[in-house]
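Chain residues, written in single-letter form:
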Amino acid sequence: MTHIRRPLAALLALFTGAIVIDRLGLTGSGDTMSSWVYVLALSFALLPLALPGLRRSRPIAPLVGATAVYLVASFTFRGRPNLIGDDMFIAVVELAFLALASLLGHRVGVAIQDIDDTLGVVAFGESPAIDLESQLATNEILAEMARSRRHDRPLSVTVVQPDHDSVRVAVDRAGEEVQRAIRTQYVRAKLARALADELRRTDLLFEHPGTGNFVVLSPETESEGAELVAVRAREASRRIGISIESGSASFPDHAFTFEQLVAEAERRVAEVDIPKPRIAEVRDMRAGQ
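Thresholds, definitions, all that
- Residues numbered from 1 in each chain as written.
- Predicted model: local features only at pLDDT ≥ 70, side-chain atom pairs only at ≥ 80, totals over all residues.
- Heavy atoms only, no water.
- Salt bridge = Lys/Arg side-chain N within 4 Å of Asp/Glu carboxyl O.
- Helix = DSSP H or I, 4+ residues; strand = E, 2+ residues; numbered from the N terminus.
- Buried < 20%, exposed > 50% of the residue type's maximum accessible area, 1.4 Å probe, protein only.
- Pairing = 2+ DSSP bridges.
- Contact = heavy atoms within 4.5 Å.
- Axes fitted to C-alpha atoms, helices over the stretch in contact; angles between N-to-C directions.
- pLDDT = per-residue confidence, 0-100.

## Overview of the pattern of salt bridges
Piece 1. Scanning the model with the defined rule gives eight salt bridges in all.
Piece 2. Here Glu 207 and Arg 188 are joined by a salt bridge, their closest N and O atoms 3.0 Å apart. Taken together, the residues Glu 207 in strand β3 (residues 204-208) and Arg 188 in helix α8 (residues 180-198) connect sequence positions 19 residues apart. Accessibility assignment for this pair places Glu 207 and Arg 188 in one class, buried.
Piece 3. Close ionic contact of Arg 267 with Glu 264 constitutes a salt bridge, the shortest N to O distance being 2.7 Å. Taken together, the residues span about one helical turn, with Arg 267 and Glu 264 both in helix α10 (residues 258-268) at a distance of three residues.

## What about unusual backbone geometry?
Piece 1. Following Phe 251, the chain continues to Pro 252 via a peptide bond in cis, the omega torsion being 5 degrees.
Piece 2. Along the polypeptide, Pro 252 turns up in the loop between β5 (244-251) and α10.
Piece 3. Unusually for a residue other than glycine, Glu 220 sits at a positive phi of about 55 degrees.
Piece 4. Relative to the helices and strands, Glu 220 is located in the loop between β4 (213-219) and α9 (223-239).
Piece 5. Assessed through its relative accessible area of 36%, Glu 220 is described here as partly exposed.

## Observations concerning the sheet that holds β4
Piece 1. Spatial strand order, β1-β3-β4-β2-β5: five strands in an open sheet with mixed pairing. Both outer strands of the open sheet, β1 (130-131) and β5, are each paired with one neighbouring strand and no more.
Piece 2. The pairing of strand β2 (residues 155-162) with β4 spans six bridges and is classified as antiparallel. For Val 157, the partnering residue across the bridge sits in β4 and is Leu 217.
Piece 3. The sheet contacts of helix α6 (residues 135-151) involve β1, β2, β3, β4 and β5, and relative to β3 the element is tilted by about 135 degrees.
Piece 4. Strands in contact with α9 are β2, β4 and β5; relative to β5, the strand with the most contacts, it is inclined by about 160 degrees.

## Points about the confidence of the model for the protein chain
Piece 1. In this model, the protein chain carries an average pLDDT of 77, and 75% of its residues clear a pLDDT of 70 or more.
Piece 2. By mean pLDDT, the top-scoring element of the protein chain is β4 (90), and the lowest-scoring one is helix α11 (residues 279-288) (59).

In structure tokens form, the structure reads like this:
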């Protein structure tokens, strides 16, 4: 909870300090900041809590937004300000206060989003990846394969294979107070969410629970596009500290069925020192039991 306590405490300290300084009157001629500056600062501090899209934006976005709104409001309420002497000092103080409030509000919003995502994974097992063994996955796959065959359109499959050592490290970092199974689920759902954020709306993300591999089905995508999917997957996993390997195969260039595409994509996954189970092998083992 430290990642939310610190920015929240800093935000409270910022407003408290601004009010105290304002009462003292640094310029010796009354209030330092106008009332509408406090309203703007409070608004920018609370906006990330109300709008999920702002919580996912880069920190520079609220800073730029706060600066732009301040300049517009300053010209609206004051007209063309005199940027010499006390007016210049007050403008710098107000702009710094507004920028800090927006930045700390963004950090609080990001921390709350992380807590919300964690609770969703731990309590409800939420993940954007579809279980590859589920009926929903079967229906989606058959529909896309049939559409590609019927309209003679390309389709690609990309297998994302997490490095199990890096997953274990990420699990250990998730917190000792959470049971390892829950932490593993959390880390894998976090990876799935990172992958899903980089995919197009038409792409389908599946997860195979037996191997831990993710499969991305990309309609209207040839081999070149599948390589871009792999690049985005590596960038997404790198941001959360997990290493992955990937391989792609396309219909109809490399195979004609979904199972064959997955097998070919797994064959193209970079070789590692420790062999890992493949989806087809896990299915064969289950069928034999």
